[in-house]
Each structure stands twice: as C-alpha cells, then as structure tokens.
Amino acid sequence: MKRNSRLSLALHTLSHMAGDPDRTRTSSDIAEHAGTNPVVVRRVLGRLREAGLLTSEKGHAGGWRLARVPEAITLADVYLALDERIVASGEDADTPACSVEHELHKRVSNVLQDIERSLVQKLGETSISEVRGT
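All figures in this text were calculated on a predicted structure; none of them were measured in a lab.

## Some words on the overall build of the chain
Right, so step 1: When its secondary structure is counted, the chain shows six helices and two strands.
Right, so step 2: Moving toward the C terminus, one meets the helices and strands of the chain in the order α-α-α-β-β-α-α-α.
Right, so step 3: Counting the 134 residues in the chain, one finds 34% classified as buried.
Right, so step 4: Sequence-distant contacts in the chain: of pairs separated by 6 or more residues, those separated by 24 or more amount to 62%.
Right, so step 5: Counting only carbon and sulfur atoms, one obtains 50% of the accessible surface of the chain, whose full area is about 8,400 Å².
Right, so step 6: If the 18 positive side-chain charges of the chain are averaged to one point and the 19 negative ones to another, these points end up 4 Å apart.

## Notes on the side chain of S27
Right, so step 1: Tracing the backbone shows S27 in helix α2 (residues 27-34).
Right, so step 2: Those residues in contact with S27 that sit more than four places away from it in its chain are P38, V41, R42 and W64.

## A few points about the packing of helix α3 (residues 38-50) against helix α4 (residues 75-82)
Right, so step 1: Between α3 and α4, the least distance of the axes is 9 Å, while the angle of their chain directions is 110°. Considering the angle they form, α3 stands roughly perpendicular to α4. Where α3 crosses over α4, the two elements pack in a sense that is right-handed. On α4, the residues touching V44, R47 and L48 of α3 are V78, A81 and L82.

Definitions and limits used
- Chains are numbered independently. Their residues run from 1 in the order of the written sequence.
- Reporting of local features is limited, given that this is a predicted model, to residues whose pLDDT is at least 70; pairs of side-chain atoms are given and counted only at 80 or more, and all residues count toward the totals for whole chains, interfaces and linings.
- With hydrogens and water excluded, all non-hydrogen atoms of the structure serve as input to the side-chain values.
- Put simply, DSSP H or I for four residues or longer makes a helix, DSSP E for two residues or longer makes a strand, and each gets a number counted from the N terminus.
- Only protein chains enter the area calculation, which uses a 1.4 Å probe; residues under 20% of their type maximum are buried, those over 50% are exposed, and those in between are partly exposed.
- Contact definition: two residues touch when any of their heavy atoms are within 4.5 Å.
- Computed by Shrake-Rupley with a 1.4 Å probe, the accessible areas treat only the displayed protein chains as cover when residues are assessed.
- Only four residue types enter the charge count, namely Lys and Arg as positive and Asp and Glu as negative; His and the chain termini do not.
- Charged groups are reduced to one reference atom each: NZ for lysine, CZ for arginine, CG for aspartic acid, CD for glutamic acid.
- Structural elements are reduced to axes, namely lines fitted to C-alpha atoms, with helices fitted over the stretch in contact, and the angle between N-to-C directions of any two is expressed from 0 to 180 degrees.
- Geometric relationships in this document are graded by angle, where less than 35 degrees denotes roughly parallel, more than 145 denotes roughly antiparallel, 65 to 115 denotes roughly perpendicular, and other angles denote oblique.
- In this scheme the handedness of a crossing depends on how the near helix is turned from the far one: anticlockwise by less than a right angle means left-handed, clockwise means right-handed.

Encoded structure:
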C-alpha cells in the first residue's frame, strides 16, 4: 500500500483514534501527525463520515471522533467507504472487436472481480482495534 494513499491515511488515523475513541481530533493535528495537508485529511475523513465511521463537529472545539467503537469498524468498512480499489477492475467501456481479446477481457475481469471480493472479505475479518493490538 502506498504511504500517501487515502486508504493508508484513513487506516493510520483510525488506528490512532482507536487508542482514545472519545477524544476529538482536529484536521490540523491529524495532518501534522500524518505529514500531509489538513485539506487532504478533511476530504478523506469526510468520506468516512458519510459512511458512518466518524462524526465531526465544526467550530473552535470541533474535530473528528469515531462514530462506532473500534471493534465495530473493520478494514473493509474503511476500504469500501473510500472507494479506492487496490485491484484493477478490468472493466472497459469499449468492447474489443477481436473475439480472442473479448474472451480474454471477460475472463480477466472475472478473475479480478473474484480477487476484489476476496480482498474485501479478508479485510472484513480485521477491526481497527485489532490493528492497534487492543
């Protein structure tokens, strides 16, 4: 996994939050710790909020907090919330004119879909609290 990916940032941030789930963290604090920009943090964490994994409050005392207990947030929840696929889909809008290429494309697409399903299943077996070792 790339160190600068949205998934990496989200998993890293949520793992830290799992250590003190009631603490509110600002985008600036998270960004400083992660070595990125607060705007990037807000974009990534906004997706997690939309998925019901985080809550946020605006204002001076505002920030981000876990919306669920860490044991109830899986790596799959985060992965799916960000819609950031590690496995290429193999989907292509163009239908190949060559019958061999068409069959090859179909078969490879099916394999990639199986890999994606398996990945999500495996990610679903690990919670954020398990990543922290708590």
